[in-house]
Amino acid sequence: MTEKPLTRHIDPSRPPFDLAQYEKAGGYSALGKVIRDMTPAACLQVLKDSGLRGRGGAGFPTGMKWSFVPMGADAPRPKYIVANADEMEPGTFKDRLLMEGCPHLLVEGMIVGGYILQADVGYIFIRGEYVEAARLLNRAIAECREKGFLGNNILGGDWSFELHVHTSAGRYICGEETALLNSLEGKRATPRAKPPFPQVSGLWGKPTIVNNVETLCNLPALIDYGAEWFKQLSLTEDAGTKLYGVSGRVKNPGCWELPMGTPMRELLQEYAGGMCDGYGLKTFLPGGASTPLLLPEHLDTPMDYTHIGKLGSRLGTGTAIVIDDQVDFIGAMKNLEHFFAQESCGFCTPCRDGLPWVEKALGRLQQRRGQRTDLEWLQRATWMLNMGNTFCAHAPGAMGPLESALKYFPEEFASRVVEPKPQPGNSQGKAAASTST
Amino acid sequence: MVEAAANLSSQHLISNLSDQEIAEIRAEAAHYEYPQAASIEALKIVQKHRGWVSDESLREVARLLDMSAEQLDGVATFYSLIFRRPVGKNTLMLCDGITCWMLGCEKLRETIQHRLGIDYGQTTADNEFTLIPVTCQGACDRAPVMLKNMRLHSHLTPENIEPLLKGSE
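So, a few notes on the structure that sits alongside this text. Note that the structure is predicted; figures quoted are calculated from it, not measured.

Criteria and thresholds
In this convention, every chain numbers its residues from 1, walking through the sequence in written order. Each chain is given a letter, starting from A, and each ligand a number, starting from 1, according to the order in which they appear as written. The predicted origin of the model limits local features to residues at a pLDDT of at least 70 and limits the giving and counting of side-chain atom pairs to 80 or more, whereas totals for whole chains, interfaces and linings rest on all residues. By definition, any uninterrupted DSSP run of H or I lasting at least four residues is a helix, any uninterrupted run of E lasting at least two residues is a strand, and each is numbered from the N terminus. Three classes are used. A residue is buried when 20 or more other C-beta atoms lie within 10 Å of its own, exposed when 12 or fewer do, and partly exposed in between, with C-beta atoms placed from the backbone. Contact definition: two residues whose C-beta atoms, as placed from backbone geometry, lie within 7 Å. Classification used: nonpolar for Ala, Val, Leu, Ile, Met, Phe, Trp, Tyr, Cys and Pro, charged for Asp, Glu, Lys and Arg, polar for all others including Gly. We treat two strands as partners when DSSP finds at least two bridges between them. All axes are obtained by fitting lines to C-alpha atoms, using only the stretch in contact for helices, and the reported angles, taken between N-to-C directions, cover 0 to 180 degrees. By arc we mean the arc of the directions from the helix axis to the C-beta atoms, nothing more. The labels follow the angle: roughly parallel below 35 degrees, roughly antiparallel above 145, roughly perpendicular from 65 to 115, and oblique for the rest. Here is the rule for handedness: rotate from the far helix to the near one, and if that takes an anticlockwise turn smaller than a right angle the crossing is left-handed, while a clockwise turn gives right-handed.

**Some words on the overall build of chain B**
Okay, so step 1: Within chain B, the regular secondary structure consists of seven helices and four strands.
Okay, so step 2: Burial analysis of chain B (169 residues in total) assigns 43% to the buried set.
Okay, so step 3: Taking all contacts inside chain B whose residues are at least 6 apart in sequence as the whole, residues at least 24 apart take part in 60%.

Next comes the structure, spelled out in C-alpha cells:
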C-alpha cells in the first residue's frame, strides 16, 4: 500500500527507473494481475467504484466515460487508447513531472487501460517541446516490447497491444479531446462536433478513449490496491490523490502529490513556503489559465472538483497560479487573453475574432488609453464568447478568468479608463453647459 | 495505407529528400493506419535535418504521405513549431506564459533585443539566432524559462542568460 500512487517511484536526484528497477519496486504487477486474474469487465467495475475523475481539467468520471466503449466480439476494431500528454495550459507543470520522473508508470497505465478497453493500439500524444519525456517514454516502450509486455499475446494471454509515442508541434487546442484526434490523424487540430463521442467514433471513426497522463498513471495502483483504498486516499468525496502545483511569487514553487481536497492555504503556506518577502496574495487561479480567479477568502476551501466548482471556478489541472499584489493586474489579464487569442484554432468566428478584440481592449486599458467602450466590450465578451455561442470550450475557458476578474476587481478595470475631455458642441459639453446655467 | 506510401515513394524520384529522411518518415508512418497521420512528424524530420521546411521539401513529403501539397501546407502552417521560413542556426524560444511573464520574461526579451538586436520573429544578420515566443513550457516552478535549440533553460535573469546568447552550445 502507498499514499502516493503517482510519485512513489519519483526521485528527481537520480535518473528514472528502467524496466528492471521499476519491476523490482513492484511495477507491472497490475499488468500481470489484470491479464492473469481479471476480466476487462471486472477491471472496469473497479474503475467505476473508485470514483476516479479525469485529471486533465474537466473532471469527468473515468469509469463512466470508459463504459461507453463498445465491448465484446462485435465491437468495431481496431480500438484505441490515447494519453493526452499535450500539457500546455499556462501554469500547468504536472504531467512533465510524471513522464520525466517515471515513464514506466504511464506505459503500465496505458497497457492496463488498453487491456480494460481491449484496445489494439495506444498512442501517447505528447507536446513537441517535451523532448526528454518523449525520449524516456520511447525507451520504456522499447524495454516493454523486448520483455513481452507489448506486442502479440501479452504474458501468454490472447490479448495483443501496441503502443507508440506521437510527438506534436505546438498549439494548445491539441489538448482538446477531439482536436487531438484530428491532429493525431495528421490534420489541422480543429475540434470535432459531438456527438458522436470518441468512445464510439474517435480515431479514424473507431472507438477511442482519450485521457490525461495523470488519470492513466492512477490505474496501476488502483488495480493493485482496489477502489476502497483509492477512495480513502482523499480528504473529501472526490477520490484519490492529486498532483498540486503552485507557481508565481512564492518562496518554493513546485508540484506535490497530496490527498485530494488539500486546501490552497496548506499548499501555499506549507508546501510553497508562503509568498515571497514583500509580496501579498491578491488572487489565484486554482488550476491553470482557464480557471476563474479565487480570492484569499477562499484559501480554506478543499481543492477538489466539487468544492472549487461550488465557488464558481474549476479545479482544472490543480496547478495554481498565484497573482501577487504588485503585479500589473490588467497586464496579467492581457497576457492570459493573448494566449487564448493566439491559440484559437480559427474554426468558429466568436473565438477567432472575439478573442483578439478582448486582447486589444485589455491592451488599451493596460496602457491607460482605454475607453468606456473597451470596458463594455469586455463585459459583453463574457457572454458572447461563452458556453453555447462557440464551437468548443476554448473561448469559454478564456472568459473564465476575465469574467471573475471583472466581478472581483472592477476598480482595476475602471481605473484604467480615460474619459474623453468634454468638447464644445458634443452632448457632454452641452450637459455641462446646461447645469452651469 | 502504409504499403501505399512505400509504393508511392518507389514510383516517384524523390530528389529532394535524403534516404535517411525517407527512412525516418516511413518508420513513423508505420505506426498508423494511414500515412497522413505521420504528416506532423514527417515535417519535423525534414526540419531536424534542414532547419526548416521549404516548398520543395513540402511537396516531396506530401507525395510520400499520399497527400496534396495544399493539404500538407494547411497542416504545416497550423502548427507553431513547424518553420515554413528559414531560421537562424540557433532558435531561442522565450516562454511568455503567465508565470514567466509575472517573473520577468519581458526583461529577458529586452536583454535579447539589446544584445542581439532581434525581436520576436526576427533572425540576426549573421544568421546565428532567431527569437520566437512560445507558450507555457510546463516548467512554471522554474520560471522564467527559455528553450535554446529545444533545450530548456530555467531560472533565467538578464545576467545569467548572457552565455546562452553566445553561439552554439
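Once the structure has been displayed, the description carries forward.
**Focus on the interface of chain B and chain A**
Okay, so step 1: Residue-level contacts link 31 residues of chain B with 39 residues of chain A.
Okay, so step 2: Of all the secondary-structure elements, those providing two or more residues to the side of chain B that touches chain A are helix 3 (39–50), helix 5 (69–78) and helix 6 (98–102) of chain B.
Okay, so step 3: Per-class residue counts for the side of chain B that touches chain A are 17 nonpolar, ten polar and four charged.

**A closer look at the sheet that holds strand 4 (residues 208–212) of chain A**
Residue and element names in this part refer to chain A.
Okay, so step 1: Within the open sheet, the four strands sit side by side as 3-2-1-4. Their pairing is parallel. Taken across any chain shown, the strands that pair with only one partner, and hence form the sheet edges, are strand 3 (162–167) and strand 4. Pairs of neighbouring strands in the sheet enclose a mean axial angle of 20 degrees, with direction left out of account.
Okay, so step 2: For strand 2 (residues 121–126) and strand 3, the ladder comprises six bridges, and the chain directions are parallel. Looking at strand 3, one finds that Phe 125 is bridged to His 166.
Okay, so step 3: Packed on one face of the sheet, helix 7 (residues 131–147) meets strand 2 and strand 3 and runs near 165 degrees to strand 3.

**Examining helix 2 (residues 29–37) of chain A**
Residues and elements named next belong to chain A.
Okay, so step 1: Restricting attention to buried positions, one finds in helix 2 the residues Ala 30, Leu 31 and Val 34. In an axial view of helix 2, the angular spread of the buried residues amounts to 105 degrees, which keeps them on one side of the axis. For helix 2, the exposed residues lying more than 90 degrees away from the buried face are Arg 36 and Asp 37.
Okay, so step 2: Looking at the buried positions of helix 2, the neighbouring elements they touch are helix 3 (40–50), helix 6 (103–117) and helix 10 (219–225).

**Concerning the sheet that holds strand 1 (residues 90–95) of chain B**
Sheets are built from strands paired through backbone hydrogen bonds, the pairs being either parallel or antiparallel.
All names here are of chain B.
Okay, so step 1: With mixed pairing, the four strands of this open sheet are ordered in space as 2-1-3-4. Bordering the open sheet on either side are strand 2 (129–134) and strand 4 (151–153), each of which pairs with just one other strand. Between one strand and the next, the sheet's axes are offset by a mean angle of 25 degrees, whatever the strand orientation.
Okay, so step 2: As defined by bridge partners, strand 3 (residues 146–148) adjoins strand 4 across three bridges and the pair is classed as antiparallel. In the sheet register, Lys 148 faces strand 4, and the bridge partner there is Arg 151.
Okay, so step 3: Of the strands in this sheet, strand 1, strand 2 and strand 3 are in contact with helix 7 (residues 105–116), which crosses strand 1 at around 150 degrees.

**Quick word on the packing of helix 6 of chain A against helix 7 of chain A**
The packing of two helices is summarised by the inter-axis angle and the distance between the axes.
Residue and element names in this part refer to chain A.
Okay, so step 1: Close contact between helix 6 and helix 7 brings their axes to 9 Å; oriented N to C, the two are set at 55 degrees. When the axes of helix 6 and helix 7 are compared, the pair comes out oblique. Of the two possible hands of crossing, helix 6 and helix 7 adopt the one that is right-handed. Only Leu 136, Leu 137, Ala 140, Ile 141 and Cys 144 of helix 7 make contact with helix 6, whose side of the interface consists of Pro 103, His 104, Leu 106 and Val 107.

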